[in-house]
Amino acid sequence: LKSSRLANLVMDVQKCYQHWDKVDRDTPIVVPQGSVKVVCVAEKPSVARAIAGALKQGRPHREDGPLATFSLQKRIPALGYSDVHVTSVVGHLFETSFAEGGRMAPERMFSAQLEKIVKKEKKEETEEGNVTKVSVIEHLQEVSEDADFLCLWLDCDREGENICFEVISVLEKFFPDRSRIFRAKFSALTEVAIQNAWDTMWREKTRPNAAISQSVDARQELDLRIGVSFTRLITEKCKRSAKASFPTLASRMEALSYGPCQSPTLKFVVDRHNSIKNFKSSKFWRPKIKLNVGPRAFSSVQLTHEFDWCETTTTSENIVARMRNLNGEATLERHHMLDKTIEPPAALDTVVLLQHCSSELGISPTAALNIAQNLYRRGTCSYPRTETTRYHETFDFESILLDLMDDEQWEDRAGQLYDQRDEIRARLSDRGLDYGDHPPITPTGCVTRGTFRDEDSWRVYQFIVDHFLDSLTAALDYTEHTHIVKAGDFEFQLVWHSFDGESRLETQTRNLNPMFANLDRVPQLLTREGAKLEIVDVTITEEWTKPPEYLKEADLISLMNENGIGTDATIPQHIQKNVDRMYCVVCDRAVDEHSTEPGPKIDDRARDDSTQRPTSRHLVPTPLGLAICEGMSRILPEMVDSKMRAGMEQEMKQIADRVKRKDAVVVESVQLYLGKFHTLVQRIGDLEQFFKTTSESYGGGAWKGGVGKGGKGGKGGQSAGNGNKGAGKGGKGLGYW
């Protein structure tokens, strides 16, 4: 098959999924006479290189071709040696699209025939240069000539499973016997992990999972039908009004998009914005009392300590006035101790990785996932897309600790944990949850700072190592001490903590107050109930309630995960889509914590190692984002609520688990959203009118300055946060765009 025949090739989806339930694991593998040829297909060229290197246990021979292909000799367990050719695709081969093209009425999109097609002009960037999808397929077919077995080494997630069947579909003529197609299961690109996957694949005859792949097909189909139909309708009917209301954006407003994941994500951001704009600050007081608590044991130095009011704060001026008159002595009413435990963190999953990168490292979720993927491809961490937070009881953490002991940064801590390996092994599987996907994210070895070309990759790797070490640490037992005194009619308390030994759980103990370190250092008066303590001073601080912060990116990730919006792999895409559509922007923390205005804008595209990192990342809706979200909320509130999408995601899981059939789920979901579509058609005039009545100051006037695109600005003002001149006659209120 040459390019002319492969251009716009359509995948036969039904045929691709046929007969897999008839492939029996007990059927013996029949090896043909003569030499045996095995083709291994990975998801990326860099992964193919790593797999070939691990199987060869050295440097494999590289063959010529548009994509890297490596040849080697490898023994098949119990069968003998074979000629192995390891190559790859570059992500998906096919795209889901409408068979008759996209030029149709929006309502037709709910019933129009779909197809999975290879786009002739579609190109992907590789280390060898740009390659088209057609050339990738041609390459796979050339490599598969006269091959006896096909081994699929695609990433072990839902998308990887789907690509498995795309590869099978284009190699159907070379491997008509399903029993000659195998699926490798692996979670790291280390030599041990790859060798184990190779042996297990042949021994257990593991196959690709059609149900998991079909759940991906279902999601692709529904997202296409729902997203494109609603977007087309809203764009056709409301775009002109939106352009008139937002003239600064008119040249870049390609579409007013709706997405079943994108829109509920935006709703979380808008809800927080509305809470901020509706916030009314109020005055309150925070009383404290300073007491003379006497000397410590074997000391004559008098000590004073502040005690907090047990009710913390008050809004009553009467209480404040009575407290100001407190003098004389306070009486120690009681002293009690409470034993507590701080558990180490569970093993690392994707959501926690993205949250930490956003909140602590100032790295966007999209960039963080890309960095983690690159770390995985170079063999420095395990597969970074996982929901599992529990280590398997057979997990070889000892080897990783031994590797980390070679670096002075982790030498001491890794060595201490290695000495405790028997205790760690006993409790290894006590924490976290196992979702049956990939193991938790861990380092796969020790890599020094000098091997990283950029600072962000090193910082992400550092966190993966530190979290791994934290997760192996024993729980910390400590005691919380509370001393309660009574002054007049009011009770005040002093709280502190004690624990034995040096804590390695630094992040977990940062909020503890080791005031006296241990009981031997506590002033004696604080241990005697009924003791009289001299009142030295009464401090009453006047404060004002603060508005909530704009929604932190890390908190948005949590909300999406908790409400079933997207998956660990797609959450970053949905956040980025809202930014790309100019529905929201990413900003730093507000300069004034009492302000309801957002902080300076963060431009991820302009960042490099020399750029000052943000102290925090917050999502702020733009007037356009507010308009489309609130307009839809008035007409079809359930369409921007998280519950509908969460229900759909649950059904995708049921397809993957073989609880429901893909076709039944798709039909049911299409009918549900088609009903909502008809409602929007009837009320589209209301949405258009809503856009007509909005403007670039809509939503509270949080946007200052010019367009903020930089360059030789005339009267544009300044773009908030980076000080660049606005372009041309920027005028009013869109500096964050």
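Relevant structure appears above.
Here we summarise the structure given alongside this text. Model, not experiment: these values are computed from the prediction.

### Let's talk about the pattern of salt bridges
- Inspection of the entire model under this criterion finds 32 salt bridges.
- For Glu491, the salt bridge goes to Arg334, with nearest N and O atoms at 3.5 Å. Separated by 157 residues along the polypeptide, Glu491 in strand β15 (residues 490-499) and Arg334 in strand β13 (residues 329-342) bring together distant segments of the chain.
- With its nearest N and O atoms 3.1 Å apart, the salt bridge here joins Glu549 to Arg589. Here Glu549, found in the loop between β16 (532-544) and α17 (553-562), pairs with Arg589, found in the loop between β17 (584-587) and β18 (618-621); they are 40 residues apart in sequence, far enough to count as distant.

### Some points on the side chain of Ser642
- Note that Ser642 resides in helix α20 (residues 642-656).
- Given the relative accessible area of 10%, Ser642 is considered buried.
- Other than its neighbours up to four places away in sequence, Ser642 contacts Pro264, Phe268, Asn563 and Ile565.

### Concerning the packing of helix α10 (residues 350-359) against α17
- It is at 8 Å that the axes of α10 and α17 come closest, and there the two elements cross at 160°. Put simply, α10 runs roughly antiparallel to α17. Crossing handedness for the pair α10 and α17: right-handed. Residues Val351, Leu354, Gln355, Ser358 and Ser359 of α10 form the contact with α17, whose own contacting residues are Glu553, Ala554, Ile557, Ser558 and Asn561.
- A per-class count over the contact of α10 with α17 returns 4 nonpolar, 5 polar and 1 charged.

### Remarks on the sheet that holds β15
- Taken in spatial order, the 6 strands of this closed barrel run β11-β12-β15-β14-β13-β16, and their pairing is antiparallel. Between one strand and the next, the sheet's axes are offset by a mean angle of 35°, whatever the strand orientation.
- When strand β12 (residues 303-309) meets β15, the two strands line up antiparallel, connected through 2 bridges. Along β15, the bridge assignment pairs Asp308 with Gln493.

### Here's the deal with helix α9 (residues 317-324)
- Three or more residues of α9 are buried, namely Ile319, Val320 and Met323. The arc that holds every buried residue of α9, seen down its axis, measures 100°, which confines them to one face. Seen from the open side of α9, the exposed residues pointing more than 90 degrees away from its buried face are Glu317, Asn318 and Arg324.
- If you follow the buried residues of α9, they end up packed against β11 (283-294), β12, β15 and β16.
- With a side-chain oxygen lying 3.3 Å from the backbone nitrogen of Asn318, the N-terminal cap of α9 falls on Ser316.

### Re the environment of Val30
- Its place among the elements puts Val30 in the loop between α2 (13-17) and β1 (37-42).
- On the basis of relative accessibility, which here comes to 55%, the residue Val30 falls in the exposed class.
- Each C-alpha atom of the pair Val30 and Arg180 lies 8.9 Å from the other, and the pair is 150 residues apart in sequence.

### Observations regarding the packing of aromatic side chains
- For the structure shown, the criterion picks out 19 aromatic pairs.
- Both rings, one in Phe149 and one in Phe182, keep their centres 6.0 Å apart while their planes meet at 50°; by these two values the pair is tilted. Separated by 33 residues along the polypeptide, Phe149 in strand β9 (residues 149-153) and Phe182 in strand β10 (residues 181-183) bring together distant segments of the chain.
- Relative to Trp458, the ring of Trp410 lies with its centre 6.0 Å away and its plane at 55°, an arrangement referred to as tilted. Note that Trp410 is positioned in the loop between α12 (397-404) and α13 (411-419) and Trp458 in helix α15 (residues 455-472), a separation of 48 residues in sequence.
- Within the aromatic cluster, the residues linked to one another by ring pairs are Phe110, Phe230, Tyr258 and Phe677.
- The aromatic ring of Phe452 is capped on one face by Arg378, whose charged end is 4.7 Å from the ring centroid.

### Let's talk about unusual backbone geometry
- For Thr312, which is not glycine, the phi torsion reads 70° and is therefore positive.
- The topology assignment puts Thr312 in the loop between β12 and α9.

Basis of the calculations
- Residues numbered from 1 in each chain as written.
- Predicted model: local features only at pLDDT ≥ 70, side-chain atom pairs only at ≥ 80, totals over all residues.
- Heavy atoms only, no water.
- Salt bridge = Lys/Arg side-chain N within 4 Å of Asp/Glu carboxyl O.
- Helix = DSSP H or I, 4+ residues; strand = E, 2+ residues; numbered from the N terminus.
- Buried < 20%, exposed > 50% of the residue type's maximum accessible area, 1.4 Å probe, protein only.
- Contact = heavy atoms within 4.5 Å.
- Axes fitted to C-alpha atoms, helices over the stretch in contact; angles between N-to-C directions.
- Parallel < 35°, antiparallel > 145°, perpendicular 65-115°, else oblique.
- Left-handed = near helix turned anticlockwise from the far one by under 90°.
- Nonpolar A, V, L, I, M, F, W, Y, C, P; charged D, E, K, R; others polar.
- Pairing = 2+ DSSP bridges.
- Arc of directions from axis to C-beta.
- Polar contact = N/O pair within 3.5 Å; in protein donor to acceptor, adjacent residues only side chain to side chain.
- Phe/Tyr/Trp six-rings, centres within 6.5 Å; stacked < 30°, edge-to-face > 60°.
- Lys NZ or Arg CZ within 6 Å of the ring centre and 35° of its normal.

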